[in-house]
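Listed below are the residues making up each chain.
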Amino acid sequence: MASENSPLLAYRLLGDEGVAFSANGAGGPGGASARKLSTFLGVVVPTVLSMFSIVVFLRIDSTRPSGLQVLPQGYGWSLLYGSLLLGLVGGVCTLGAGLYARASFLTFLLVSGSLASVLVSFVAVGPRSIPLAPRPGPNGSSLPPQVGHFTGFNSSTLKANLGAGYAKDYTTGAMMTFASVFAVLFNGCTGIMAGANMSGELKDPSRAIPLGTIVAVTYTFFIYTLLFFLSGFTCDRTLLQEDYGFFRAISLWPPLVLVGIYATSLSASMSSLIGASRILHALAQDDLFGVILAPAKVVSRTGNPWGAVLYSWGLVQLVLLAGKLNTLAAVVTVFYLVAYAAVDLSCLSLEWASAPNFRPTFSLFSWHTCLLGVASCLLMMFLISPGAAGGSLLLMGLLSALLTARGGPSSWGYVSQALLFHQVRKYLLRLDVRKDHVKFWRPQLLLLVGNPRGALPLLRLANQLKKGGLYVLGHVTLGDLDCLPSDPVQPQYGAWLSLVDRAQVKAFVDLTLSPSVRQGAQHLLRISGLGGMKPNTLVLGFYDDAAPQDHFLTDPAFSEAADGTLEGGSPALSTLFPPPRAPGSPRALSPQDYVATVADALKMNKNVVLARACGALPPERLSRGSGGTSQPHHVDVWPLNLLRPRGGPGYVDVCGLFLLQMATILGMVPAWHSARLRIFLCLGPREAPGAAEGRLRALLSQLRIRAEVQEVVWGEGAGSGEPEEEEEEGDFVNGRRGDAEAEALACSANALVRAQQGRSRGGGPGGPEGGDGEGGPATALTFLYLPRPPADPARYPRYLALLETLTRDLGPTLLIHGVTPVTCTDL
């Protein structure tokens, strides 16, 4: 984790010029090649020469008008020429950026001289007729020879050339269209990234790249516009369409045009090859594609990535097998457009994310220009070649999916995180708690965990209960910040986030430092969440004398290497969390504070869930898959306060409905689909069977809850007679009844629940492990009504003892008390 002494962004902002820096930010003479290229040599020259690559498409005809052959022609010869040129280019790039810069400057001078001669020729050469080489016709015949005309500056020639007038490409025989012409012409603008690709070789990339690119684009645009104007003003359409090498025919010295064409081809190839090799080397260094790009990691002692150069050389050699440049033009243009669309999309994402550190210096930049660039690139892709466009987008999607699956935490950050933050903040502000309605209620849980090693089943069960709501893992670290040199909570977040990832739960983590667990729980109840997403339900493990289990040792998701490390070298979770508490050892939370925490949550109008024996839950019910093929189970719901001696319609109060809602939510989870929901309706001693069941079934029908209803008699065991007055909830603890009577009531209620569990299995002890009896499925989980804690804190230990008696040997049990309405029957 970064501190105030950490290097800013792992880069040396102030340092000696020419000192090399390795990938991790440390400088050294042997780390990487020294940055030594200036703006002109590193950005302007490569960009200009790359953008002049359209001259490559001004072909050298196989014959001159006189019939004298210039070079042997044919597919094999073209492949040989291309391979020799590629070998020369690869040799220059392999020897390093310094030699590349000198070679680029030399070719820049040659291209500039050739270009100057062409421009002068437009003015110095008079009108002339230019015989064109005969073209092959049908059935092996030849078409009549044609003659092109160089008219000099003539307004009639310019007017005749202003229309479209598409014709067949004499090199491929294909009919040209706007899209195909754009595909060829667009290659003259694809060198705009040449300078950015050389960022690792520049002295001052932040200044050189924007300045050099703008200068190069402006210069190239001016030259292209001048050439288009002069060509359209002086050459008729026949000459332009039937002789791509017409510059030689009108030049004062034709060999200089050939030199310019070869030099442009050489420079464009060098720029593309060295730029591609740098990108390939960066991809290899990040291990994004594993062993596929492993050879591209190899560098020389001076830091030159010659392995990436050879890798790129091999890929280009394969492309040369295509033979004709116009055949590749559409595909190459589509891939370039994908790359440019991705750059525009990246800038658009940064602008929309409103990241404070994204401060572009280009004054005309806005999200409108980015969006226009993305839309324009996508439109032209499909106009040029719908098939190639669709294939390239599919390939980009597959690569993105592969990178997402393989890529670990990166040092350059994720723009998706910035976008998510921006959108989440915007919609959280629109999530108004004043507009909450009971029809859209959902559980938002705060699970307090002391040690996750002993609470892993409860952690997964709470994840199932949240039903698309907020789920927060809370932990209280005991301590006083005044007595500590630093906050001990901050370093713990990484371990808890790793726990969330390994357990595969959708939870946030909230940690706090407090002198006591109760005070820390109060902090978390008040401040956890944000805006309209705040916990409304507190979940606690049950306070009993059971020895905690270490589920990290038995859970397959937490299996670790013998040396205590995870894949990738990070520390194992077993080393980040202490071992479970030994039996009999002191606890961080007393029984008094435990019950007080429950009372505090109810005072804050939070629902409360106490979970006992979750470690005995069937493993298949806690999995992420469907439980359709697992052993059938029951989920029992007792929506009446069993610690009250009187029966009655307890299922219609807020707490009873909350129990029904939570049990129904659990049944909506795929792992619990096959479990059958049973609701036990407790009848008073004088209540006739059937009437209350009908009312309950009508309520369940209105709430769209599918459940089996069973009536049980409850109330006669509370005493010899009914009390004269109805007692409020909780008065059984501090009312007129004694401890012995309350204990007997709890034991009687426990026996009643166990009897119903045993009846479903045909007998046996309570809990889901009682066996597969002949009577039916076992009970996997029991929902019980949690009474309010007594008003007198002195009776907290007695209250906890009664809860222990009530849930003893029941297996996995959830004691729930709801204080907020969760469902309604009104539309």
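I will try to describe carefully the structure that is included in this document. (Residues numbered from 1 in each chain as written. Predicted model: local features only at pLDDT ≥ 70, side-chain atom pairs only at ≥ 80, totals over all residues. Heavy atoms only, no water.)

### With respect to the packing of aromatic side chains
Note the following rule: For Phe, Tyr and Trp, rings pair up if their centres lie within 6.5 Å, where Trp contributes its six-membered ring, and each pair is then called stacked (planes under 30 degrees apart), edge-to-face (over 60) or tilted (otherwise). A run of H or I in DSSP counts as a helix once it spans at least four residues, and a run of E counts as a strand once it spans at least two, with each numbered from the N terminus. A ring is considered to have a charge above it if a Lys NZ or an Arg CZ atom is located within 6 Å of its centre and within 35 degrees of its normal.
For the structure on display, the rule yields 15 aromatic pairs. Aromatic side chains F229 and F233 sit 5.2 Å apart centroid to centroid with 75° between the ring planes, which places their arrangement in the edge-to-face category. Here F229 pairs with F233, and both are found in helix α7 (residues 205–234), just four residues apart, close to one helical turn. Here the aromatic rings of W352 and W367 are separated by 6.0 Å at their centres, their planes lie at 50°, and the arrangement is tilted. Of the two residues, W352 is situated in helix α12 (residues 325–353) and W367 in helix α13 (residues 367–384); the sequence distance between them amounts to 15 residues. Taken together, the ring pairs in this structure connect F122, F150, F246 and F247 into an aromatic cluster. The ring of W672 carries R621 above its face, with NZ or CZ at 5.7 Å from the centroid.

### Let's talk about a positive patch on the surface
Going by this rule: Patch membership is restricted to residues that have no salt bridge and whose relative accessible area is over 30%. Joining uses 9 Å for like charges and 5 Å for the nonpolar side chains Val, Leu, Ile, Met, Phe, Trp and Tyr. Accessible areas in this description were obtained via Shrake-Rupley with a 1.4 Å probe; residue shielding takes into account the shown protein chains only. Note on definitions: salt bridges are taken to be side-chain nitrogens of Lys or Arg within 4 Å of carboxyl oxygens of Asp or Glu. Counted as positive: Lys and Arg. Counted as negative: Asp and Glu, with His and the chain ends omitted from the count. Charged groups are reduced to one reference atom each: NZ for lysine, CZ for arginine, CG for aspartic acid, CD for glutamic acid. Note on exposure labels: buried denotes an accessible area under 20% of the residue type's maximum, exposed denotes more than 50%, and partly exposed covers the range between, all computed with a 1.4 Å probe on protein chains only.
Together, R425, K426, R430 and K435 make up a region of like positive charge exposed at the surface. Along the chain, R425 turns up in helix α15 (residues 415–430). Classification of R425 by relative accessible area gives partly exposed; the value is 41%.

### Describing the side chain of H475
Heads up, the condition is: For this analysis, a polar contact is any N or O atom pair within 3.5 Å, provided that within protein one partner can donate a hydrogen and the other can accept it, and provided that sequence-adjacent residues contribute only side-chain to side-chain pairs. Throughout, a contact is declared for two residues whenever any of their heavy atoms are within 4.5 Å.
Mapped onto the secondary structure, H475 falls in strand β4 (residues 471–478). On the accessibility criterion, H475 (12% relative accessible area) is buried. A distance of 2.8 Å separates a polar side-chain atom of H475 from the backbone oxygen of V449. H475 has contacts with V449, G450, Q492, W496, D510, L511, T512 and L524, leaving out every residue within four places of it along the chain.

### Describing the pairing of strand β9 (residues 676–683)
The following threshold applies: Strand pairing requires that DSSP identify at least two bridges connecting the strands.
A large share of β9 lies buried, amounting to seven of its eight residues. Two elements, strand β8 (residues 633–638) and β9, share four bridges in a ladder whose sense is parallel. What sits directly across from H634, in β9, is R676.

### Here we look at helix α10 (residues 254–285)
Operational definition: Under the convention used throughout, the expected extent of a helix is 1.5 Å for every residue step, that is, one less than its residue count.
For α10, with 32 residues, the first-to-last C-alpha span of 47 Å sits near the 46 Å given by 1.5 Å per residue. Positioned one or two residues after α10, D287 has a phi angle of 55°, which is positive.

### Comments concerning the pattern of salt bridges
Pairs may arise between side chains of opposite charge once their charged atoms sit close together. Following the criterion strictly, the structure yields 11 salt bridges and no others. Of the charged contacts, one joins R697 and E693 as a salt bridge, the two residues approaching to 2.9 Å between their closest N and O atoms. Here E693 and R697 lie together in helix α22 (residues 691–703), a separation of four residues that amounts to about one turn. One salt-bridge network, in which partners are shared between bridges, spans D544, R612, E804 and R808.

### Focus: the nonpolar core
The following threshold applies: Here the nonpolar core consists of buried residues drawn from Ala, Val, Leu, Ile, Met, Phe, Trp, Tyr and Cys, with membership extended through side-chain atoms lying within 4.5 Å.
Counting 67 residues, the largest nonpolar core has L447, L461, Y471, W672, F783 and L814 as the members making the most contacts within it. Of the residues forming this core, the biggest block, nine residues, is contributed by helix α21 (residues 654–667). If you look at the next biggest cluster of nonpolar residues, it comprises 48 residues, including V598, L640, A742 and L752.

### What about the environment of A183?
Relative to the helices and strands, A183 resides in helix α5 (residues 178–186). For A183, a relative accessible area of 1% puts it in the buried group. For the pair A183 and L383, spaced 200 residues apart in sequence, the C-alpha to C-alpha distance is 9.7 Å.

### Quick word on the sheet that holds strand β6 (residues 537–541)
What counts here: Lines fitted to the C-alpha atoms define the axes, with helices restricted to the stretch that makes contact. Angles between their N-to-C directions range from 0 to 180 degrees.
Within the open sheet, the 10 strands sit side by side as β5-β4-β3-β6-β7-β12-β11-β8-β9-β10. Their pairing is mixed. Each edge of the sheet is formed by a strand with only one pairing partner; in this case those strands are β5 (508–514) and β10 (708–713). Within this sheet the neighbouring strands show an average axis-to-axis angle of 25°, counted without direction. Together, β3 (445–448), β4, β5 and β6 form the strand contacts of helix α18 (residues 517–527), whose direction differs from that of β5 by roughly 135°.

### Comments concerning a nonpolar patch on the surface
A cluster of nonpolar side chains, Y166, M175, F178, V181, L379 and L383, forms an exposed patch at the surface whose accessible area comes to about 570 Å². For M175, the position within the fold is in the loop between α4 (155–161) and α5. By relative accessible area, which is 49% here, M175 ends up partly exposed.

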